[in-house]
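# An overview of the molecular structure
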Amino acid sequence: MTTPDETTGQPDPGPSGYAAARLRLLHDKTPSGPPRRAALARLTDDWLHALFTAAARAVGVQGASLVAVGGYGRGELSPRSDLDLLLLHDGSSDAAAIAALADRVWYPVWDLGLALDHSVRTTAEARKTAGQDLKVQLGLLDARHVVGDPAPTAALRTAVLADWRNQAPKRLPELDELCRERAERQGELQFLLEPDIKEARGGLRDATALRAVAASWLADAPREGLAEARRALLDVRDALHLTTGRATDRLALQEQDGVAAELGVRDADELLRQVYQAARTVSYASDVTWREVNRVLRSRAGRPRLRSLLGGSRPAPERTPLAEGVVEQDGEAVLARTARAERDPVLPLRAAAAAAQSGLPISPYVVRRLAAAHPLPAPWPAAAREEFVTLLGAGEPTVPVWEAFEAEGLITRLIPEWEHVRCRPQRNAVHTWTVDRHLVETAVEASALTRRVSRPDLLLVAALLHDIGKGLPGDHSEAGEPVARTVALRIGFDRADADVVAALVRHHLLLVETATRRDLDDPATVSSVAEKIDSLSTLELLHALTEADALATGPAAWSAWRGSLVTDLVGRVAAALAGRAPAAPRPVVTSAEQERLAVEALRTGGPVLSLHAHPEPSQEDDEPEPVGVELLIALPDRPGVLPAAAGVLALHRLTVRAADLRIVEPPTALGDASDVLLLTWRVAAAYGSLPQATRLRADLVRALDGSLDIRSRLAEREASYPRRRGTQAPPPRVTVVPDSSELATVIEVRAQDAPGLLHRIGRALEEAAVRVRSAHVSTLGANAVDTVYVTRPDGAVLTDGEAATAAKMVEEALRG
């Protein structure tokens, strides 16, 4: 406990008393929150009061004060926050005395190991610096007197606030640009798995910027929920500081469980969800505020000339009709004067659809009025359903309108099931968005595909609902099916249409998973899909939904190659649904190049390689997309080829996207020559350029004769990588997929993607004495799903026991 100085009655200016009191405050049972931040600020005020008073008396300085700025000025000290201090003086004391006073205050702060952002200025100097540096001016807006002569502090506060308001037309655009640049660097807080609570868009910096805008009197932010959101982010930062013991604002994955426990939150997912909800509130307030700032500045810029033309009279704002009860005014969708939200339950959806279709933001004040509208009856009238579909089909402008409705709780009034996915995180690096935003983005992508389907309304609604089961127990596709049916019936679809929407939700992953993980030439593959899709129209919708879902997931989820596989599968399933007999497996045709390689392999007795680049058009601009190359390997048939070839590719940092292995009989001209094994790989360079075929061949020869120890080389490379803390990957899972092929046994491997994964799988299968017929590799982010078609050495399908043994051996090899 601090002891009072006999002369001043203030706490002992020595650091030990303050340090002990600070530790007690931060580590007692007081939870993170405004009371503890305010208590820490008061404790620090008392300590600095004693330091400054003793120092000023010792050096004989008068007319000076100690001013807290920034977060400390707001009385919001987190455990590891910087102390932002300004030593303000009136210029009457000589420079040496002021410097001595500063040293007697700053050094005790440094001695405690506290971060200090400090400056020494007169009022005039502070104003000049603020005029040159926007960040300094923002900090001074929160200036608070701590100790010393209050007159300089009061004069500074008055002058800085007056300067800010006078210069607002110039400084606010500068602040807006600063916020945009920071958002570009740091990303959107509400979508990041490891967000920076302070710097990312929607974080504490943006909340502070909104306070500055309000102080300018030019515009004000929507206040609903903003203080609570800011407080929630501060609480998370407090807990993060205590958990890590560091002055960090980045909520890293490995810290989230500890921060959740410190805050009494159920788990890390719930913590992220609360962070996202707070960030969404701040982001929406920022959008609305900056839109209003720009509107006011445009109005001011044009007003003098317009008034002179009109003889000083103020013109009435122009209002352009958009829909019944909805007009455009000042670049926003607003309600007509005759509109009555309380009497027109369809008006909210009509206003949203009109705003989105016109590419206009909807006024936040209008959304607040719309929240007072009577709820729609269940089922919705046809007019409401049509407006809802129109909203979903507007493309990119749908997003800001949807966010405005979210901010006022209108979305969950329309679709109560939405609350379950709102702000729900997705712990997968492939996903760009939270679950709810991904659903909206999928509808945006689907809006561009509506010309391809006969029922665009069903496509758009299914796109919005396809992941509605996430977070519910069990598989999200199965869990989402009944939820989607319930929602579809409520919004006014008949039973048959609701069943289609439910089926699309249930099977929204069917096409892409089958196309990338199964052998499309196997009749069982097409039959398994056709059994689940009951009509050509549903298949058409599912095809479009598959593409929209992948495009809305992230850049790693879709490519021209994946699209071609899905299109191929859809064509085969459509033929089956049309009643045509399943096509017989296409005969294996050996190309001229493959035959040449086979002959060369037999002649040399070793592997022969050929690399062919196959750029494909991208989805947007038809420019070549570097999706990889085709690698052909031919060699006399022998065991161990798959693990050896896969290992060599891994050593050369080549990512395997697909692999096909088959036996080619030698040309008749070669007489009794042995069979040739032909491997067709689709590969891409993880980074850098592709290696030369001669280098690949040389290493493959060494791997096959045992002089290249692939296992050791891969282990050495893995050991050389720096170890980083992070979430523990789930263990690999290897299963036999029953009834998936008439020609082979299908084994599916789900594991963390890593260099040499296919090499280890192949090695384990070799040890299990089975033969790999083909392999289909699907990698999304850190997750790999590798499907291998295997047979006995004589080409027969494995028995159940043999298949189970092979799967177990692969799983044990991957776990080891």
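These figures come from a predicted structure and were not determined experimentally. (Residues numbered from 1 in each chain as written. Predicted model: local features only at pLDDT ≥ 70, side-chain atom pairs only at ≥ 80, totals over all residues. Heavy atoms only, no water.)

### Some points on the overall build of the chain
Each helix and strand counted, the chain has 31 helices and 17 strands in total. Relative to its 816 residues, the chain shows a buried fraction of 51%. Nonlocal contacts in the chain, meaning residues at least 24 apart in sequence, comprise 71% of its contacts between residues at least 6 apart. Roughly 37200 Å² of accessible area belongs to the chain as shown, and the carbon and sulfur atoms make up 50% of that amount. (Helix = DSSP H or I, 4+ residues; strand = E, 2+ residues; numbered from the N terminus. Buried < 20%, exposed > 50% of the residue type's maximum accessible area, 1.4 Å probe, protein only. Contact = heavy atoms within 4.5 Å. Areas by Shrake-Rupley, 256 points an atom, 1.4 Å probe, with all protein chains shown as cover.)

### Examining the packing of aromatic side chains
The final tally for this structure, using the stated rule, is six aromatic pairs. Relative to Trp433, the ring of Phe191 lies with its centre 4.9 Å away and its plane at 85°, an arrangement referred to as edge-to-face. Linking Phe191 in the loop between helix H8 (168–186) and helix H9 (204–216) with Trp433 in the loop between helix H17 (410–414) and helix H18 (435–447), this pair joins segments that are 242 residues apart in sequence. By relative accessible area, which is 11% here, Phe191 ends up buried. Relative to Phe388, the ring of Trp380 lies with its centre 5.5 Å away and its plane at 90°, an arrangement referred to as edge-to-face. You'll find Trp380 and Phe388 in the same group, each marked buried. Aromatic ring contacts, followed pair by pair, group Trp380, Phe388, Trp402 and Trp418 into a single cluster. One Lys or Arg, Arg144, reaches over the ring of Tyr72 and ends 5.2 Å from the middle of that ring. (Phe/Tyr/Trp six-rings, centres within 6.5 Å; stacked < 30°, edge-to-face > 60°. Lys NZ or Arg CZ within 6 Å of the ring centre and 35° of its normal.)

### With respect to the nonpolar core
The nonpolar side chains of soluble globular proteins are, as a tendency, buried together. Membership of the largest hydrophobic core comes to 96 residues, with the highest contact counts inside it found for Ile362, Leu370, Phe388, Trp402 and Trp418. In this structure Phe388 touches Leu349, Trp380, Trp402, Ile415, Leu464 and Ile491, once residues within four positions along its chain are discounted. Judged by nonpolar contacts, the second largest core, of 52 residues, contains Ala646, Val656, Leu708 and Leu814. (Core = buried A, V, L, I, M, F, W, Y, C linked by side-chain atoms within 4.5 Å.)

### Side note on the packing of helix H13 (residues 347–358) against helix H16 (residues 398–407)
H16 packs onto H13 with a crossing angle of 150° between their chain directions and a minimal axis gap of 8 Å. Taken together, the axes of H13 and H16 are roughly antiparallel relative to one another. Considering the relative orientation of H13 and H16, their crossing is right-handed. Contact with H13, carried on its side by Pro348, Ala352, Ala355 and Ala356, involves Thr398, Val401 and Phe405 of H16 and no other residues of that element. (Axes fitted to C-alpha atoms, helices over the stretch in contact; angles between N-to-C directions. Parallel < 35°, antiparallel > 145°, perpendicular 65-115°, else oblique. Left-handed = near helix turned anticlockwise from the far one by under 90°.)

### Observations concerning unusual backbone geometry
That bond from Ala378 to Pro379 is cis: its omega, 0°, falls within 30 degrees of zero. Tracing the sequence through the fold places Pro379 in the loop between helix H14 (364–370) and helix H15 (382–392). Even without being a glycine, Cys423 presents a positive backbone phi close to 60°. Residue position: Cys423 is located in the loop between H17 and H18. On the basis of relative accessible area, Cys423 is assigned to the buried category, the value being 0%. The backbone of Ala769 shows a phi angle near 60°, a positive value even though the residue is not glycine.

### Remarks on helix H20 (residues 476–490)
Here H20 contains 15 residues, and its C-alpha end-to-end distance of 21 Å stays within 8% of the 21 Å for a straight helix at 1.5 Å per residue. In H20, a bend of some 25° at Pro482 exceeds every other bend along the element. Buried within H20 we find His476, Ser477, Ala479, Gly480, Val483, Ala484, Val487 and Ala488. Close packing links the buried residues of H20 with helix H19 (456–465) and helix H21 (495–506). With a side-chain oxygen positioned 2.9 Å from the backbone nitrogen of Ser477, the residue opening H20 is Asp475. Just beyond H20, the residue with positive phi is Gly492, at close to 110°. (Expected span 1.5 Å × (residues − 1). Bend = angle between axes of the 7 residues up to and from the residue. Polar contact = N/O pair within 3.5 Å; in protein donor to acceptor, adjacent residues only side chain to side chain.)

### Quick word on the confidence of the model for the chain
Residues of the chain with pLDDT of at least 70 account for 90%, and the chain-wide mean is 87. Within the model, pLDDT remains below 50 along residues 1–11, and this stretch shows 18 contacts once partners closer than five positions in the same chain are excluded. Here residues 615–627 is modelled with pLDDT under 50, and outside its nearest four sequence neighbours on either side it reaches 26 contacts, counting other chains as well. (pLDDT = per-residue confidence, 0-100.)

### Thoughts on the sheet that holds strand E3 (residues 116–122)
Ordered in space as E3-E2-E1-E4, the four strands form an open sheet in which the pairing is mixed. On the outer flanks of this sheet lie E3 and strand E4 (144–148), each paired with one strand and no other. Neighbouring strand axes in the sheet, compared pairwise and without regard to direction, differ in orientation by 25° on average. Along the sheet, helix H4 (residues 95–111) contacts strand E1 (64–68), strand E2 (83–89) and E3; its crossing angle with E3, the most-contacted strand, is approximately 165°. Relative to E3, helix H5 (residues 123–132) is tilted by about 120°, and along the sheet it contacts E2 and E3. (Pairing = 2+ DSSP bridges.)

### Details of the sheet that holds strand E7 (residues 332–335)
Strands pair in a sheet through their backbones, by hydrogen bonds, and they do so in one of two ways: parallel or antiparallel. Ordered in space as E5-E6-E7, the three strands form an open sheet in which the pairing is antiparallel. A strand with exactly one partner marks an edge of an open sheet, and here the two such strands are strand E5 (320–323) and E7. Sheet twist, expressed as the mean angle between neighbouring strand axes with direction ignored, is 45°.

### Looking at the environment of Val770
The topology assignment puts Val770 in the loop between helix H30 (757–767) and strand E16 (771–780). In the structure, Val770 is positioned 24 residues away from Asp794 in sequence and 9.4 Å away in space, judged by C-alpha atoms. Apart from the residues lying within four places of it in its own chain, the contact partners of Val770 are Leu765, Val790, Thr791, Leu798 and Ala806.

### Description of the packing of helix H27 (residues 641–651) against H30
At their nearest, the axes of H27 and H30 sit 8 Å apart, and the two run at 165° to each other. Considered as vectors, H27 and H30 are oriented roughly antiparallel to each other. The crossing of H27 and H30 is left-handed. Across from Val641, Leu642, Pro643, Ala644, Ala646 and Gly647 in H27, the residues of H30 making contact are Leu758, His759, Gly762, Arg763 and Glu766. Of the residues in the contact of H27 with H30, the class split is six nonpolar, three polar and two charged. (Nonpolar A, V, L, I, M, F, W, Y, C, P; charged D, E, K, R; others polar.)

### A closer look at the environment of Ser216
Positionally, Ser216 belongs in helix H9. Taking the C-alpha atoms as reference, Ser216 lies 8.7 Å from Gln167; in sequence the two are 49 residues apart. Among the polar contacts made by the side chain of Ser216, one reaches the main-chain carbonyl oxygen of Val213 at a distance of 2.5 Å.

### A look at helix H7 (residues 150–166)
An ideal rise of 1.5 Å per residue puts 24 Å on 17 residues; H7 measures up with 24 Å between its terminal C-alpha atoms. Every buried residue of H7 is listed here: Pro152, Thr153, Leu156, Ala159, Val160, Asp163 and Trp164. The buried side chains of H7 occupy one side of the element, clustering within an arc of 140° when seen end-on. Residues Thr158 and Asn166 are exposed on H7 and point more than 90 degrees away from its buried face. The backbone nitrogen of Ala151 has a side-chain oxygen 3.0 Å away, supplied by the residue at the start of H7, namely Asp149. (Arc of directions from axis to C-beta.)

### A few points about the side chain of Arg171
Inspection of the secondary structure puts Arg171 in helix H8. Only 2.9 Å separates the side chain of Arg171 from the side chain of Gln137, close enough to count as a polar contact. The residues contacting Arg171, other than those within four sequence positions of it, are Ala130, Gly131, Asp133, Leu134, Gln137 and Trp164.

### Observations concerning the pairing of E1
Most of E1 sits out of view: five of its five residues are buried. Side chains of E1 alternate between two faces, with Ala64, Leu66 and Ala68 and Ser65 and Val67 buried alike. As paired strands, E1 and E4 are joined by four bridges and run antiparallel to one another. Each bridged residue has a counterpart across the sheet, and for Ala68 the counterpart in E4 is Arg144.

### Comments concerning the pairing of strand E6 (residues 326–329)
Two elements, E5 and E6, share three bridges in a ladder whose sense is antiparallel. Within the sheet, the bridge partner assigned to Ala323 lies in E6 and is Val326. In this structure, the hairpin formed by E5 and E6 is closed by a connection of two residues, where Gly325 is found at a positive phi of approximately 85°. As paired strands, E6 and E7 are joined by four bridges and run antiparallel to one another. By the bridge assignment, Glu328 is partnered in E7 with Ala333. Taking the residues between adjacent antiparallel strands as the criterion, E6 and E7 are bridged by two residues, where Asp330 takes a positive phi near 50°.

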